[in-house]
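Spelled out from the first residue to the last, the chains are:
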Amino acid sequence: MNADLSLYLVTDPALCGARGVVETVRQAVDGGVRIVQLRDKAATDAEIVDQLVDLSHAIDGRALLVVNDRLDAAIAARERGARVDGVHLGQGDASVLRAREALGPDAVIGLTANSPAHLEAVLALPPGTVDHLGVGVIRPTLTKPDHPPALGIEGFRAFAAASPLPCVAIGGVGIDDTEALREAGAAGLAVVSALCAADDPRREAAQFRRRWHAGAAPRILSIAGSDPSGGAGIQADLKSIAANGGYGMAVITALTAQNTEGVRGVHVPPTDFLQAQLEAVSDDITLDAVKIGMLADAEVIRTVVAWLDVVRPPVVVLDPVMVATSGDRLLDPEAEGELRRLLRHADLITPNLAELAVLAGRVPTDWPDALAAAEELSADVGAMVLVKGGHLPGDEAPDALIDAPRGRRQEFAGARITTRNTHGTGCSLSSALATRLAKGEDAPTAVAGARAWLRESLREGEALRVGRGQGPISHFAGLWARGGLDTRPTAAVVEADWWRQISATRTAIDELPFIRALADGTLAREPFLFYLAQDALYLRDYARVLAEAARLASTSEEQAFWANSAHGSIVGELELHAAWLTPSQGVGAATFSARPAPATTAYLDHLRSVAFGGDYEELIAAVLPCFWLYTDLGRRLHAGEFGAYARDPRHPYASWLATYADAAFEEATRRAIEFVATAAAAAEPEKRGRMLRAFEVSSAHELAFFAAPLEGHPVV
Ligand SMILES: Cc1ncc(COP(=O)(O)OP(=O)(O)O)c(N)n1
Ligand SMILES: Cc1ncsc1CCOP(=O)(O)O
Ligand SMILES: [Mg+2]
């Protein structure tokens, strides 16, 4: 088996002192010890069996447990239900062949070796008999008085280079040997006194782990579903792992057909292939952490649990994907039952409030009650719980890390980030946590770091402009910004891009019966006059909104431009009344004093709300469609795109259509586009997103405005 040997604790009851072996092991495993060897030369076999039972409870699957010398005690302890993963045997101890036969193919079997003859003997064994070698001593040590001559680091390097099996360095190993031994080819460090005699075994183990992993990206496996739109599932996990400094791998539990608007379908491949994926990774690669996300059904969960039972990754973060944002349950009752078994394999569980309610078996009434429910869950399953308050109402989005077994609780406050780009947030956060924990960060530090990264990624999500629904977060936003990658678009890109963004609206305008009939001259007089009357009403308030843009402009050039445009708008309104909305045109008094139609009111309400929100950039984005869409329509009408008759002087509305192609208005539109696009290009992504939204909303109002005359609105 491909065991994680990176930090290997060998126990010594004398060195553990009053703290005792079990407590020392518990603390050292908390700090990152990956394999524990019970070594007690003086104890009887019966005492060894008792100790193995106690240790297997204390370790609780978080590290491997093996026993030194005593194969029969290992077998007896297993019979008593203890989880004993294997043995370490010396050249003079029980036969490794017998150990393999008695303990089975998944057992971890280590063998002491320190001479060329030992290596030859290992090569003569059937493959798969021994998993790794304990090689030493590196330096003379009092802990094993009968030790062989010291190899030193160079002797170890030569031995490891010649060995067909991974070699663990043992004997006189201290924390300052970490880098040299790793570089000399050690698969791990086996230590006795450095941890057993430490004042704080947890802290000391964490130091070892940090130094062992320094410079290397932790290897993180995501077991989750695929989201082809890239915002959630394994795609999000891989981005999150990379953004947080890990090497990401992915085993796919299910394929979803989804995008930012929703899930269209789920396909769950056969679980024997899931198992094949899991084994292909773990047979070859030492895993520093596993993040588990979507598990489609009970059989999938059972397959993952069986694999975890064998592999025991050092860090397991479980994002219990059970309840959709809509509130729908994603797992059937059988699968929920299996998931409860899986909770016990996790080091950290990251439920949202709805999932916490399912897991805790009750719906928390408020945030303090959610913390109480998380406390119960944490105590029940022996794992840390990160409760996420993102779904709470209000301006705050707190999280809390609850570690009931160790009596610790930490709350993380934070103002809510208002964004639609929340797709995949849970996946991304849990993967970030798995990566940071695998790097050796303690849990509160990992949560604080992952949250800071997530908040930055949330803030920049809209700038990605992916999808029409709940878009993704921007996993690499921080990296791009700090790496000096300027992701801001140019004004030309903004212009092209915004125009593309409203292409559906533009097509819909072109296809409106009103526009078609206006172009081919078949438009009846009544809807035409209705349109003009609404236009006059619109222009009156549009002028006020443009005047507000002039007031807010920071350069005199822009101030003058918007003031001129406000003036042009008022002139346009007056001309409408003078030329069209007159009794000579057959317009009655009722039309002259027309009231705004719903489409007019809605459009003006939108403009006013943006105008008096005080944000200049958003305001000029909102007023732009009126310039741009009219100019574009006029140019194309004039070019004959809607039929040659639109250019014919005999057209019933010829003088009106001529105003659409006015050169001065076209020039004003050019400048308006330039001001808006330049402001958008320079804006922070969040503001640019708001500008685009204001522009899109105004464009949609333009469509409704053009549609209204033929939608049965009477001329009032
Ligand atoms: C990993 C590891 N390597 C070597 C030993 C030594 O075992 P011990 O029983 O003390 O001595 P020998 O049997 O090898 O002579 C170990 N415990 N762990
Ligand atoms: C069990 C064993 N086998 C070889 S050296 C040794 C003891 C190592 O102890 P320490 O890490 O305190 O030097
Ligand atoms: Mg021995």
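Residues numbered from 1 in each chain as written. Chains lettered and ligands numbered in written order. Predicted model: local features only at pLDDT ≥ 70, side-chain atom pairs only at ≥ 80, totals over all residues. Heavy atoms only, no water.

The protein chain has the name Thiamine-phosphate synthase in an unreviewed UniProt entry, where Microbacterium luteolum is given as its organism. Word for word, the UniProt comment on the protein chain under Sequence similarities (unreviewed entry) is "Belongs to the thiamine-phosphate synthase family." (UniProt positions renumbered as here; feature names shortened; annotations may be inferred.)

**A few points about the UniProt feature "binding site: 4-amino-2-methyl-5-(diphosphooxymethyl)pyrimidine" (unreviewed entry) in the protein chain**
Here, UniProt's "binding site: 4-amino-2-methyl-5-(diphosphooxymethyl)pyrimidine" (unreviewed entry) annotation points to Gln37, Leu38, Arg39, Asp40, Lys41, Asn68, Thr112 and Lys144. By relative accessible area, which is 1% here, Leu38 ends up buried. Beyond its immediate stretch of four places on either side in the chain, Leu38 contacts Thr11, Ile48, Gln51, Leu52, Leu55, Val66, Val67 and Asn68. Among the secondary structure elements, Arg39 is positioned in the loop between strand S2 (35–38) and helix H3 (45–59). (Buried < 20%, exposed > 50% of the residue type's maximum accessible area, 1.4 Å probe, protein only. Contact = heavy atoms within 4.5 Å. Helix = DSSP H or I, 4+ residues; strand = E, 2+ residues; numbered from the N terminus.)

**Observations regarding the pattern of salt bridges**
The final tally for this structure, using the stated rule, is 52 salt bridges. The residue Asp319 makes a salt bridge to Lys388 at a minimum N-O spacing of 3.7 Å. Placement of the pair is Asp319 in the loop between strand S13 (316–318) and helix H14 (333–343) and Lys388 in strand S15 (residues 384–388), with a sequence separation of 69 residues. We classify Asp319 as buried; its relative accessible area is 5%. Residue Lys687 is joined to Glu617 by a salt bridge in which the shortest nitrogen-to-oxygen separation is 3.1 Å. (Salt bridge = Lys/Arg side-chain N within 4 Å of Asp/Glu carboxyl O.)

**Some details on the packing of helix H25 (residues 556–579) against helix H30 (residues 663–682)**
If you want to describe how two helices pack, look at the angle between their axes and the distance between the axes. Running from N to C, H25 and H30 point in directions that differ by 135 degrees, and their axes come no closer than 11 Å. In terms of orientation, H25 lies oblique with respect to H30. Here H25 runs over H30; the crossing is left-handed. Mapping the contact onto sequence places Glu557, Glu558, Phe561 and Trp562 in H25 and Ala668, Arg671, Ala672 and Phe675 in H30. Here the contact of H25 with H30 is composed, by residue class, of five nonpolar, no polar and three charged. (Axes fitted to C-alpha atoms, helices over the stretch in contact; angles between N-to-C directions. Parallel < 35°, antiparallel > 145°, perpendicular 65-115°, else oblique. Left-handed = near helix turned anticlockwise from the far one by under 90°. Nonpolar A, V, L, I, M, F, W, Y, C, P; charged D, E, K, R; others polar.)

**A look at the site of ligand 1**
Not every one of the 13 residues close to ligand 1 is listed here, only the nearest: Gln37, Arg39, Lys41, Thr112 and Lys144. Separating an oxygen atom of ligand 1 from a side-chain N or O atom of Arg39 is a distance of 2.8 Å. The separation between an oxygen atom of ligand 1 and a polar side-chain atom of Asp69 is 3.1 Å. Against a free-state accessible area of 420 Å², the protein chains account for coverage of 88% of ligand 1. Residues belonging to the shell around ligand 1 are distributed by class as follows: two nonpolar, six polar and five charged. (Near = heavy atom within 4 Å. Polar contact = N/O pair within 3.5 Å; in protein donor to acceptor, adjacent residues only side chain to side chain. Areas by Shrake-Rupley, 256 points an atom, 1.4 Å probe, with all protein chains shown as cover.)

**Description of the coordination of the magnesium ion (ligand 3)**
Asp69 (OD) and Asp93 (OD) make up the full set of protein donors to the magnesium ion (ligand 3), lying at 2.1 to 2.2 Å. Taken together, the positions of Asp69 in the loop between strand S3 (64–68) and helix H4 (71–79) and Asp93 in the loop between strand S4 (86–89) and helix H5 (96–103) put the pair 24 residues apart, joining distant regions of the chain. Overall, the relative accessible area of 18% leaves Asp69 in the buried class. (Donors = N, O, S within 2.8 Å, 3.2 Å for Na, K, Ca; no water.)

**As for the pairing of strand S16 (residues 399–403)**
Along S16, five of the five residues are buried, which leaves the element largely enclosed by surrounding structure. Burial along S16 is two-sided: Asp399, Leu401 and Asp403 facing one way and Ala400 and Ile402 facing the other are all buried. As defined by bridge partners, S15 adjoins S16 across four bridges and the pair is classed as antiparallel. Along S16, the bridge assignment pairs Val385 with Ile402. Pairing geometry for S16 and strand S17 (residues 408–412), over five bridges, is antiparallel. Opposite Ala400, over in S17, you have Glu411 as the bridge partner. The turn linking S16 back onto S17 is made up of four residues, and Gly407 within it adopts a positive phi angle of 65 degrees. (Pairing = 2+ DSSP bridges.)

**Some words on the sheet that holds strand S12 (residues 289–292)**
A sheet is described by the order of its strands in space; here nine strands give the open sequence S11-S10-S9-S12-S13-S14-S15-S16-S17, paired in mixed fashion. The strands lining the two open edges of the sheet, one partner per strand, are strand S11 (262–267) and S17. Note that S13 and strand S14 (residues 348–349) share two bridges and pair parallel. Within the sheet, the bridge partner assigned to Val317 lies in S14 and is Leu348. Against the sheet, helix H11 (residues 233–243) engages strand S9 (219–226), strand S10 (247–259) and S12, with an angle of about 155 degrees to S9.

**Quick notes on the packing of aromatic side chains**
Tallying each qualifying case throughout the model produces 20 aromatic pairs. With 5.1 Å between their ring centres and 40 degrees between their planes, Trp498 and Phe695 make a pair best called tilted. Here the residue Trp498 occupies a position in helix H21 (residues 491–501), and Phe695 occupies one in helix H31 (residues 685–707), the gap between them amounting to 197 residues. Of the two residues, Trp498 and Phe695, both sit in the buried class. The cationic tip of Arg506 hangs over the ring face of Trp499; the distance from NZ or CZ to the ring centre is 4.0 Å. (Phe/Tyr/Trp six-rings, centres within 6.5 Å; stacked < 30°, edge-to-face > 60°. Lys NZ or Arg CZ within 6 Å of the ring centre and 35° of its normal.)

**Thoughts on the site of ligand 2**
Around ligand 2, a shell composed of Arg39, Val137, Thr141, Thr143, Lys144, Ile170, Gly171, Gly172, Val191, Val192 and Ser193 is seen. Taking Thr143, its side chain carries an N or O atom lying 2.6 Å from an oxygen atom of ligand 2. The separation between an oxygen atom of ligand 2 and a polar main-chain atom of Gly172 is 2.7 Å. For ligand 2, the accessible surface in isolation is 370 Å², of which the surrounding protein chains cover 92%. Here the residues of the shell around ligand 2 are counted per class, giving four nonpolar, five polar and two charged.

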